[in-house]
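Here are the chains, one letter per residue:
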Amino acid sequence: MIPSLSDGRRLVLASTSPYRRQLLERLALPFECARPGVDETPLPGEAPRELVARLALAKASVVAQRMPHALVIGSDQIAVLDDAVIGKPGTHAAAREQLQRASGRSVEFLTSLCLFDADSGNTQLEVVSLRVHFRALLPQQIERYLQREQPYDCAGSFKSEGLGIALFERLEGDDPNALIGLPLIALTTMLEAEGVSVL
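Everything numeric in this text was worked out from a predicted model, so none of it was measured.

The rules we used
Residues numbered from 1 in each chain as written. Predicted model: local features only at pLDDT ≥ 70, side-chain atom pairs only at ≥ 80, totals over all residues. Heavy atoms only, no water. Salt bridge = Lys/Arg side-chain N within 4 Å of Asp/Glu carboxyl O. Buried < 20%, exposed > 50% of the residue type's maximum accessible area, 1.4 Å probe, protein only. Helix = DSSP H or I, 4+ residues; strand = E, 2+ residues; numbered from the N terminus. Arc of directions from axis to C-beta. Contact = heavy atoms within 4.5 Å. Axes fitted to C-alpha atoms, helices over the stretch in contact; angles between N-to-C directions. Parallel < 35°, antiparallel > 145°, perpendicular 65-115°, else oblique. Left-handed = near helix turned anticlockwise from the far one by under 90°. UniProt positions renumbered as here; feature names shortened; annotations may be inferred. Polar contact = N/O pair within 3.5 Å; in protein donor to acceptor, adjacent residues only side chain to side chain. Core = buried A, V, L, I, M, F, W, Y, C linked by side-chain atoms within 4.5 Å.

### Some remarks on the pattern of salt bridges
Under the counting rule described, the total for this entry stands at 11 salt bridges. Close ionic contact of D7 with R9 constitutes a salt bridge, the shortest N to O distance being 2.8 Å. Exposure remark for D7: the relative accessible area of 44% places this residue in the partly exposed category. R9 is the salt-bridge partner of E194, the closest N and O atoms lying 3.3 Å from each other. On the criterion of sequence distance, the pair formed by E194 in the segment after α6 (184-193) and R9 in the segment before β1 (10-13) is long-range, its members being 185 residues apart.

Right, here's the structure in full:
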C-alpha cells in the first residue's frame, strides 16, 4: 500500500540518499522515495547557489510529473572552499586531499530544498547555508578518521552525524540537519504552508 498523508496526498522524497531518508524519518510522516535521474552537471558559469537551487527544483519537478497528488521534496548539496565546489570524494586519496585542504579553515555548505505540489504546481524553494570551521588537523588524525568512517560518498569527506563532528571547531548556521543533507526546519515550514502539520 502506498503511504499517504491525512489529506490523501503522497509525500515523496526525490532522492535515493540514505542520509536524506533517515533525516525525513525524524518528522514521522508517511513518505516514499523516488529516484529523480537528473543530470547534475553544472551549467557554464553557474554559481554554486544557483546550481543547488536549480538541481533541487529539477529533481522535485521531474518526480512530480510521474506522481500526481504528491508533494515532492527535492534537495541538493555542495561544499565551497576558495570559490571552488567540493564534491563527494569517491576515494580515500581524494577524501584525504579534501580534509587536508579544509584543515584549519572554513567551508560553506549550501543545501537546497524544494517542495513541489504536483497538482497545483506550487513551488517553494530555499537555499540554506551552513559554515563549518575545521580544526587544524594532523595528517595522522585525518588518516585515522577516514579509516574509521570512510565518508567517501559525502561532500566534504565527513559525516557530521557521526565521528566527523570531531573534525570541527564550530558550526555557523540555522539548521545542523542541512549539513547532513536535508534542512528539516525549513522543510517543516514549507509543509505547514501546504497544510501538512508535522506536530
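### Section: helix α3 (residues 92-102)
Turning to α3, its buried residues number three or more, namely A95, Q98, L99 and A102. Looking straight down α3, one finds that the buried residues subtend no more than 95° of arc, so they occupy a single side. Next to the buried residues of α3 lie β3 (70-81), β4 (84-86), β5 (106-117), β6 (123-134) and α4 (139-149).

### Concerning the packing of α3 against α4
Packing of α3 against α4 brings their axes to within 10 Å, and their N-to-C directions diverge by 135°. Comparing the axis directions of α3 and α4 gives the class oblique. As for the relative orientation of α3 and α4, their crossing is right-handed in sense. Note on element contacts: α4 touches α3 through I142, E143, Y145, L146 and Q147, opposite H92, A95, R96, L99 and Q100.

### Re the side chain of H133
Its place among the elements puts H133 in strand β6. Excluding its chain neighbours within four sequence positions, the residues that come into contact with H133 are R105, S106, F168, E169, R170 and E172.

### Thoughts on the UniProt feature "active site" (unreviewed entry) in the chain
On the UniProt side, "active site" (unreviewed entry) is annotated at positions that read D76 here. With a relative accessible area of 5%, D76 lands in the buried category. Side chain to side chain, D76 and K59 meet in a polar contact 2.8 Å long.

### Things to note about the nonpolar core
Formed by 23 residues in total, the largest nonpolar core has its most connected members in I73, L187 and L191. Elements represented by at least two residues in this core include exactly β1, α1 (18-25), β3, β5 and α6. Top element by residues in this core is α6. It accounts for five residues. Apart from the residues lying within four places of it in its own chain, the contact partners of I73 are L11, V12, L13, A14, L24, A60, L113, C114, L115, L182 and L187. The next biggest cluster of nonpolar side chains, apart from the first, holds 20 residues, and it includes L81, A95, I142 and L146.

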